[in-house]
Amino acid sequence: TIAGESAASTQSKPKYGSHQEVQRAIADLRALFPENAVSTDPDALKNYGSSPNSYHPESPHSVVVHVKSTEDVVKVVNVARQYRIPVVAYSGATSLEGHFSGVSTISTDPNRRVILNMFQEVPGSICLDLSGMDKILSINGESEFLGFR
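Please read these numbers as outputs of a predicted model, since none were measured by experiment.

What counts, and where the lines are drawn
- Residues numbered from 1 in each chain as written.
- Predicted model: local features only at pLDDT ≥ 70, side-chain atom pairs only at ≥ 80, totals over all residues.
- Heavy atoms only, no water.
- Helix = DSSP H or I, 4+ residues; strand = E, 2+ residues; numbered from the N terminus.
- Buried < 20%, exposed > 50% of the residue type's maximum accessible area, 1.4 Å probe, protein only.
- Contact = heavy atoms within 4.5 Å.
- Lys, Arg positive; Asp, Glu negative; His and termini not counted.
- Salt bridge = Lys/Arg side-chain N within 4 Å of Asp/Glu carboxyl O.
- Pairing = 2+ DSSP bridges.
- Axes fitted to C-alpha atoms, helices over the stretch in contact; angles between N-to-C directions.
- Parallel < 35°, antiparallel > 145°, perpendicular 65-115°, else oblique.
- Left-handed = near helix turned anticlockwise from the far one by under 90°.
- Nonpolar A, V, L, I, M, F, W, Y, C, P; charged D, E, K, R; others polar.
- Expected span 1.5 Å × (residues − 1).
- Arc of directions from axis to C-beta.
- Phe/Tyr/Trp six-rings, centres within 6.5 Å; stacked < 30°, edge-to-face > 60°.
- Lys NZ or Arg CZ within 6 Å of the ring centre and 35° of its normal.

## Focus on the overall build of the protein chain
Part 1: A tally of helices and strands in the protein chain yields three helices and eight strands.
Part 2: Helices and strands appear in the protein chain in the N-to-C order α-β-α-β-α-β-β-β-β-β-β.
Part 3: Residue burial in the protein chain is summarised as follows: out of 149 residues, 36% are buried.
Part 4: Nonlocal contacts in the protein chain, meaning residues at least 24 apart in sequence, comprise 63% of its contacts between residues at least 6 apart.

Below, the structure written as structure tokens:
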């Protein structure tokens, strides 16, 4: 490391899963959830990854998964961990900060080459739609904690 720099500051960016790994993750998610719970519809991906209220750059997700329980969330996170795919939680798209937008990754796959540029950004995130977790389990006013499922 350079004098005065910590080892953490000189580490490279996280390595996310490749386009092929994203596709394998989507196949795994389809095997784990009912057909209507996993969407790769382009319009849905765009809607979940953008908002007319946000002024931040937008990027579609690779897949949207509609979960209904803590166990469903664990399944999605385990698949994401296995393939190194970012997960973006979504509950209503009311953010002005753009934290529901998809995450793009850089593809170096020569089969996805574009004219003059083989380094192309491609969607690479799982959108975790939490809107189906609408059952309040507990409310603790003192700690301002809401448990839901």
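More follows now that the structure is in view.
## Points about the side chain of D72
Part 1: Checked against the element boundaries, D72 lands in helix α3 (residues 70-83).
Part 2: Despite its burial, D72 remains without a salt bridge, the nearest opposite charge being carried by K75 at 4.1 Å.
Part 3: Other than its neighbours up to four places away in sequence, D72 contacts F33 and V67.

## Brief notes about the sheet that holds strand β6 (residues 126-129)
Part 1: With mixed pairing, the four strands of this open sheet are ordered in space as β1-β2-β6-β3. The sheet terminates laterally at β1 (38-39) and β3 (87-90), the two strands that pair on one side only.
Part 2: In the sheet, strand β2 (residues 63-66) pairs with β6 via four bridges, with the strands oriented parallel. Opposite V65, over in β6, you have L128 as the bridge partner.
Part 3: Against the sheet, helix α1 (residues 19-32) makes contact with β1, β2 and β6, and its axis sits at roughly 20 degrees relative to β2, the strand it touches most.
Part 4: Where α3 meets the sheet, it contacts β2, β3 and β6, and its direction lies at approximately 170 degrees from that of β6.

## Points about the pattern of salt bridges
Part 1: Tallied over the entire structure, the rule returns one salt bridge.
Part 2: The partner of E21 in a salt bridge is R84, and the shortest N-O contact between them spans 3.1 Å. Separated by 63 residues along the polypeptide, E21 in helix α1 and R84 in the loop between α3 and β3 bring together distant segments of the chain.
Part 3: We classify R84 as partly exposed; its relative accessible area is 32%.

## A short note on the packing of α1 against α3
Part 1: Put simply, α1 and α3 touch, their axes get as near as 10 Å, and they point 155 degrees apart. Overall, the two elements α1 and α3 adopt an arrangement that is roughly antiparallel. When you trace α1 past α3, the crossing you get is right-handed. Contact residues: E21, R24, A25, D28, L29 and L32 in α1; K75, V76, V79, Q82 and Y83 in α3.
Part 2: Classifying every residue of the contact of α1 with α3 by side-chain character gives six nonpolar, one polar and four charged.

## Quick look at α1
Part 1: A rise of 1.5 Å per residue sets the reference length of α1, with its 14 residues, at 20 Å; its end C-alpha atoms lie 20 Å apart and thus fit the reference within 8%.
Part 2: Taken as a whole, α1 has its buried residues at E21, V22, A25, I26 and L29. End-on, the buried residues of α1 take up no more than an arc of 145 degrees, which puts them together on one face.
Part 3: Residues of α1 that are buried sit in contact with β1, β2, α3 and β6.

## Observations regarding the packing of aromatic side chains
Part 1: Counted under the stated rule, the structure contains one aromatic pair.
Part 2: With a centroid separation of 4.4 Å and 55 degrees between ring planes, the pair formed by Y48 and Y90 is classed as tilted. In this pair, Y48 sits in helix α2 (residues 42-48) while Y90 sits in strand β3, placing the two residues 42 residues apart along the sequence.
Part 3: Above the plane of the ring of F33 lies K75, whose end atom (NZ or CZ) is 5.6 Å from the centre.

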